[in-house]
Amino acid sequence: AQSVTQLDSHVSVSEGTPVLLRCNYSSSYSPSLFWYVQHPNKGLQLLLKYTSAATLVKGINGFEAEFKKSETSFHLTKPSAHMSDAAEYFCVVRTTGNQFYFGTGTSLTVIP
Amino acid sequence: DAGITQSPRHKVTETGTPVTLRCHQTENHRYMYWYRQDPGHGLRLIHYSYGVKDTDKGEVSDGYSVSRSKTEDFLLTLESATSSQTSVYFCAISGAGEGETQYFGPGTRLLVL
């Protein structure tokens, strides 16, 4: 069975400080993993994805994520938060049956 | 942006009435999905389709039905709307290959009174 756990429902950071959004997954095989961002009253936009190539994945807007199989984690990071990063972030795992399982989301607040 | 549109974008309806939401894609992707988004739950899969006339249930399919008569269109029907179906509904598409990404439509806000 596949599942995703986002360990923090809310994260607050000051502008210019690092961002860490945590995601753990459960999968019976090597999964495809994604991070999406959703700004208020908007649709979902792909930030980055992991598909068994390099374990460190670079995405848009300076975000990165590292796939750690031993820890079953896929945490999202950014060195320096910007006000425009305030949004909801979703970690997603894709199954071989082409279904996608979403975490419950992490709301990121950026304090000026 | 992937070519996905949803209609209507907003709808208010009354309990007990049928409602149909439409998703249209111009990408010729094989897979199409309907999700609902509610606070604290993330996105939950309602139904998905893996080809014309081929559909399957997701985790929250009760009270919903779907149809796909053409590659580009995927319809979601609330057979008899209830207040618990007030939500934001997202359509998504993806290809069938390994590592294919899922792309989302803009969403439909549904209020059932």
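Before reading further, recall that the structure is shown in the block above.
In this report, we go over the structure that sits alongside the text. Everything numeric here is computed off the predicted structure, so don't read it as measured data. (Residues numbered from 1 in each chain as written. Chains lettered and ligands numbered in written order. Predicted model: local features only at pLDDT ≥ 70, side-chain atom pairs only at ≥ 80, totals over all residues. Heavy atoms only, no water.)

1. Some thoughts on the overall build of chain A
Here is the rule: Put simply, DSSP H or I for four residues or longer makes a helix, DSSP E for two residues or longer makes a strand, and each gets a number counted from the N terminus. Two things to know: the radius of gyration comes from C-alpha atoms, and the globule rule equals 2.2 Å times the number of residues to the power 0.38. Only protein chains enter the accessibility calculation, which uses a 1.4 Å probe. A residue is then buried if its area is under 20% of the maximum for its type, exposed if over 50%, and partly exposed in between. Contact between two residues is taken to exist if any of their heavy atoms lie within 4.5 Å; hydrogens are not considered. Accessible surface area values rest on a Shrake-Rupley calculation with a 1.4 Å probe, where residue burial reflects the displayed protein chains alone. Two residue types count as positive, namely Lys and Arg, and two as negative, namely Asp and Glu; His and chain ends fall outside the count. A charged residue contributes its charge at one atom only: NZ of Lys, CZ of Arg, CG of Asp or CD of Glu.
Each helix and strand counted, chain A has zero helices and twelve strands in total. Its C-alpha radius of gyration of 13 Å places chain A within 12% of the 13 Å reference for a compact globule of 112 residues. Across its three principal directions, the C-alpha atoms of chain A cover 40 × 25 × 20 Å. The buried share of chain A, taken over its 112 residues, is 45%. Long-range contacts, defined here as pairs at least 24 residues apart, represent 55% of the contacts in chain A between residues at least 6 apart. Carbon and sulfur atoms form 52% of the exposed surface of chain A, whose accessible area is close to 5,200 Å². Of the side-chain charges in chain A, 8 are positive and 7 negative, and the distance between the mean point of each set is 9 Å.

2. Some details on the overall build of chain B
Within chain B one finds zero helices and eleven strands. Counting from the amino terminus, chain B carries its helices and strands in the arrangement β-β-β-β-β-β-β-β-β-β-β. For 113 residues, the compact-globule estimate of 2.2 N^0.38 gives 13 Å, and the C-alpha radius of gyration of chain B, at 13 Å, lies within 12% of that figure. With the C-alpha coordinates aligned to their principal axes, the bounding extent of chain B is approximately 40 × 30 × 25 Å. Counting all 113 residues of chain B, 49% fall into the buried class. Sequence separation of at least 24 residues holds for 54% of the intrachain contacts in chain B that already meet a minimum separation of 6. Accessible surface, chain B: about 5,200 Å² in total, of which carbon and sulfur atoms supply 47%. Here chain B contributes 11 positively and 13 negatively charged side chains, and the mean placements of these two sets differ by 5 Å.

3. So, the state of the cysteines
Residue and element names in this part refer to chain A. Short version of the rule: Cysteine sulfur pairs qualify as disulfides if the two atoms are within 2.5 Å.
Overall, the coordinates contain two disulfides over all chains when judged by the stated rule. Put simply, Cys23 and Cys91 are joined by a disulfide, and their sulfur atoms are 2.0 Å apart. The S-S bond linking Cys23 to Cys91 shows a torsion near -70 degrees; that makes this disulfide left-handed. A residue pair is termed long-range when its members are at least 10 positions apart, and Cys23 in strand S4 (residues 23-26) and Cys91 in strand S10 (residues 87-94) qualify at 68 residues. Across this residue pair, the class does not change: Cys23 and Cys91 are buried.

4. With respect to the interface of chain B and chain A
Rule in force here: The buried area of a pairing is the accessible area, by a 1.4 Å probe, that goes missing from both parts when the two are put together, added over both. We count a salt bridge whenever a side-chain nitrogen from Lys or Arg sits within 4 Å of a carboxyl oxygen from Asp or Glu. In the analysis that follows, any N or O atom pair within 3.5 Å is treated as a polar contact, provided that within protein one partner can donate a hydrogen and the other can accept it, and provided that, for residues neighboring in sequence, both atoms belong to side chains.
Counting residues at the interface gives 23 residues for chain B, matched by 20 residues for chain A. Summed over both partners, the interface of chain B with chain A buries about 1,700 Å², with 49% contributed by carbon and sulfur atoms. Here chain B is connected to chain A by zero salt bridges. The interface formed by chain B and chain A contains five residue pairs in polar contact (both at pLDDT 80 or more).

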